[in-house]
Amino acid sequence: MSTGPGADSAPVHKPTLDTRGRGGTFSSLGIRNYRLFFTGAIVSNTGTWMARITQDWLVLSLTGSAAAVGITTALQFLPMLLFGLYGGVIADRYPKRRLLLVSQAALGLCGLALAALTLSGSVQVWHVYLIAFLLGMVTVVDNPARQTFVSEMVGPGQLRNAVSLNSANFQSARLVGPAIAGALIAGVGSGWAFLLNGLSFLAPLTSLLLMRTSELHKVERAPRGKGQLREGLRYVAGRPDLIWPIVLVGFIGTFGFNFPIWLTAFSGDVFHVGAGSYGFLNTLMAAGSLVGALAAARRGSTRLRMLVITAGVFGVLEIAAALSPAFWLFALLLVPIGLLGLTVNITANSAVQMATDPAMRGRVMSLYMMVFAGGTPIGAPLLGWVTDTYGARVGFATGGVISLAAAVVVGLVLARVGGLRLAMGWHRGHPQVRFVPRDQLATAA
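Residues numbered from 1 in each chain as written. Predicted model: local features only at pLDDT ≥ 70, side-chain atom pairs only at ≥ 80, totals over all residues. Heavy atoms only, no water.

Per an unreviewed UniProt entry, the recorded name for the protein is MFS transporter, and the organism is Streptomyces litmocidini. Checking UniProt for the protein, the heading Subcellular location (unreviewed entry) contains the comment "Cell membrane". (UniProt positions renumbered as here; feature names shortened; annotations may be inferred.)

A. Local environment of the overall build of the protein. Each helix and strand in the protein was counted, giving 17 helices and 4 strands. Across the 445 residues in the protein, those meeting the buried criterion constitute 56%. Taking the intrachain contacts of the protein between residues at least 6 apart in sequence as the baseline, contacts between residues at least 24 apart amount to 84%. Per element, the accessible surface of the protein, about 18,500 Å² overall, is 66% carbon and sulfur. (Helix = DSSP H or I, 4+ residues; strand = E, 2+ residues; numbered from the N terminus. Buried < 20%, exposed > 50% of the residue type's maximum accessible area, 1.4 Å probe, protein only. Contact = heavy atoms within 4.5 Å. Areas by Shrake-Rupley, 256 points an atom, 1.4 Å probe, with all protein chains shown as cover.)

B. Layout of the packing of helix 1 (residues 32-63) against helix 5 (residues 159-187). Running from N to C, helix 1 and helix 5 point in directions that differ by 40°, and their axes come no closer than 7 Å. Overall, the two elements helix 1 and helix 5 adopt an arrangement that is oblique. Pair helix 1 / helix 5 crosses with right-handed handedness. Considered class by class, the residues forming the contact of helix 1 with helix 5 number 19 nonpolar, 6 polar and 2 charged. (Axes fitted to C-alpha atoms, helices over the stretch in contact; angles between N-to-C directions. Parallel < 35°, antiparallel > 145°, perpendicular 65-115°, else oblique. Left-handed = near helix turned anticlockwise from the far one by under 90°. Nonpolar A, V, L, I, M, F, W, Y, C, P; charged D, E, K, R; others polar.)

C. Looking closely at the UniProt feature "transmembrane region" (unreviewed entry) in the protein. Here the UniProt feature "transmembrane region" (unreviewed entry) sits at residues 57-87, 99-119, 242-263, 275-297, 304-321, 327-346, 367-386 and 392-415. This span, residues 327-346, is 100% helix and 0% strand, and a straight line between its end C-alpha atoms measures 29 Å. In residues 392-415, the share of helix is 100% and the share of strand is 0%. The end C-alpha atoms are 35 Å apart.

D. Molecular detail of helix 2 (residues 66-93). Along its 28 residues, helix 2 runs 40 Å from first to last C-alpha, staying within 8% of the 40 Å computed at 1.5 Å per residue. Of all bends in helix 2, the biggest is about 70°, found at Phe 83. The N-terminus of helix 2 is capped by Ser 65, whose side-chain oxygen sits 3.2 Å from the backbone nitrogen of Ala 68. (Expected span 1.5 Å × (residues − 1). Bend = angle between axes of the 7 residues up to and from the residue. Polar contact = N/O pair within 3.5 Å; in protein donor to acceptor, adjacent residues only side chain to side chain.)

E. Seen up close, the nonpolar core. If you look at the biggest cluster of nonpolar residues, it comprises 84 residues, and the most contacted ones within it are Leu 248, Phe 259, Phe 330, Ile 337, Tyr 368 and Phe 396. It is helix 13 (residues 327-354) that contributes the most residues to this core, 10 residues altogether. Not counting the four nearest positions on each side in its chain, Ile 337 is found in contact with Phe 259, Met 285, Phe 314, Leu 317, Glu 318, Ala 321 and Phe 396. Met 153, Val 154, Leu 216 and Met 354 belong to the second largest nonpolar core, which has 21 residues in total. (Core = buried A, V, L, I, M, F, W, Y, C linked by side-chain atoms within 4.5 Å.)

F. A look at the environment of Phe 372. Structurally, Phe 372 can be placed in helix 14 (residues 361-374). The exposure class assigned to Phe 372 is buried, which follows from its relative accessible area of 12%. Sequence separation between Phe 372 and Ile 246 is 126 residues, and the spatial gap between their C-alpha atoms is 7.5 Å. Excluding anything up to four places from it in sequence, Phe 372 contacts Val 249, Gly 250, Gly 253, Thr 254, Phe 257 and Asn 345.

G. How the structure looks around the side chain of Ser 267. Mapped onto the elements of the fold, Ser 267 is located in helix 10 (residues 259-270). Classification of Ser 267 by relative accessible area gives buried; the value is 0%. Among the polar contacts listed, one links the side chain of Ser 267 to the backbone oxygen of Leu 263, at a separation of 2.7 Å. Among residues more than four places away in sequence, those in contact with Ser 267 are His 272, Val 273, Tyr 278 and Leu 281.

H. How the structure looks around the confidence of the model for the protein. In the predicted model, the protein carries a mean pLDDT of 81, and the fraction of residues at 70 or more is 85%. Here strand 1 (residues 16-17) is the element of the protein with the lowest mean pLDDT, 41, and helix 7 (residues 202-210) is the one with the highest, 96. Confidence drops under pLDDT 50 across residues 1-21; counting only partners more than four residues distant or on other chains, this segment forms 55 contacts. (pLDDT = per-residue confidence, 0-100.)

I. Expanded view of the pattern of salt bridges. All told, the structure shown has 3 salt bridges when counted by the stated rule. Of the charged contacts in the structure, one is a salt bridge between Glu 152 and Lys 96, with a shortest N-O distance of 3.3 Å. Taken together, the residues Glu 152 in helix 4 (residues 125-154) and Lys 96 in helix 3 (residues 96-119) connect sequence positions 56 residues apart. When its relative accessible area of 6% is taken as the criterion, Lys 96 is described as buried. (Salt bridge = Lys/Arg side-chain N within 4 Å of Asp/Glu carboxyl O.)

J. Quick peek at the side chain of Asn 33. You can see Asn 33 is positioned in helix 1. Look at Asn 33 and you get buried, because its relative accessible area is 1%. For Asn 33, the contacting residues outside a window of four places in its chain are Met 153, Met 211, Arg 212, Glu 215 and Leu 216.

In structure tokens:
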């Protein structure tokens, strides 16, 4: 990993990045500050998943429209699309621990506000829209600060492992949160799920306050000045090993990750099941995602070839799920879809972070998150409309087709950048398709 001041000191542009760390699957938890961070995140992530499931079901109950669920999701991610790069500038400029104390407190207050509206019986769909937008505004700063704070807690040697464990943490909460949300919705109502989510942010706030700042790895902060946003964009534009993984996750995040729309539509319109089964579908997807995160934590390297292949198979499985004739088959396919979707995210995230100079990491990761999550305001309403107009199966299949096409195109571009060409032949009696160096093909010819 380069530690120089700019793009001139960056790694060679190769489609394979070596990001080897030390220790086993849970090695980062040996670091006290990260262990505190991880523990606090378990609680707040569980609350977040409870709120996500409850929010989608509440909007569907209030409106009866999958497009309305898409609008809610779009409003939550619209600020990332509009202001995401500025959040990266802020994360590079100010102490990340202080930023997180403010942002986590603000997220908790948003949850408590929605709980008060719902418990009082006065909630309307525009209330949910407004709070979703406010959550997105806070996330503009919280996301790049939280992503890049990991390197300050664990250092470069454990960065890949910590990124993977963060995802495992999030997906573990996804196993529990939807189940609790479904029980609360059916038993006592949506408001209590929102209340527990708001209170859950006390855990990360406590963990941040208990950290030993003397044990944090010092990272050079970007000084206040003009042109920092353009500098970050120029840095990424000159790095094929950064820009093409970001482009790929952008297409998948925009069109392939609209599960709140599809799962609510399949639950209500295709298989005619209730809130409990909707939570069960989310839990199955989370189980696959957790397996993917733990597998990524064990891997010692990140290969962009794996990113492209995984993204392609992810698209194929989404198409298969969209065509599933039975509920049980649809549910089972969500497990590998969750596994591969999480693997795509972790592989791209860790590859981009490890290849970026520390002083630029906030801006690069804000661009990553802006493209990955900020495309949702475009994809969610569009695919929500497709789902409402042509049915849930067509909507889900559309996301899979676009994800598969993006993987194929980006794979060909990365192969060209890396001096590779497509080779087809036979190996042990079976057809084989692989990328090989151009000079190898020339020698064979």
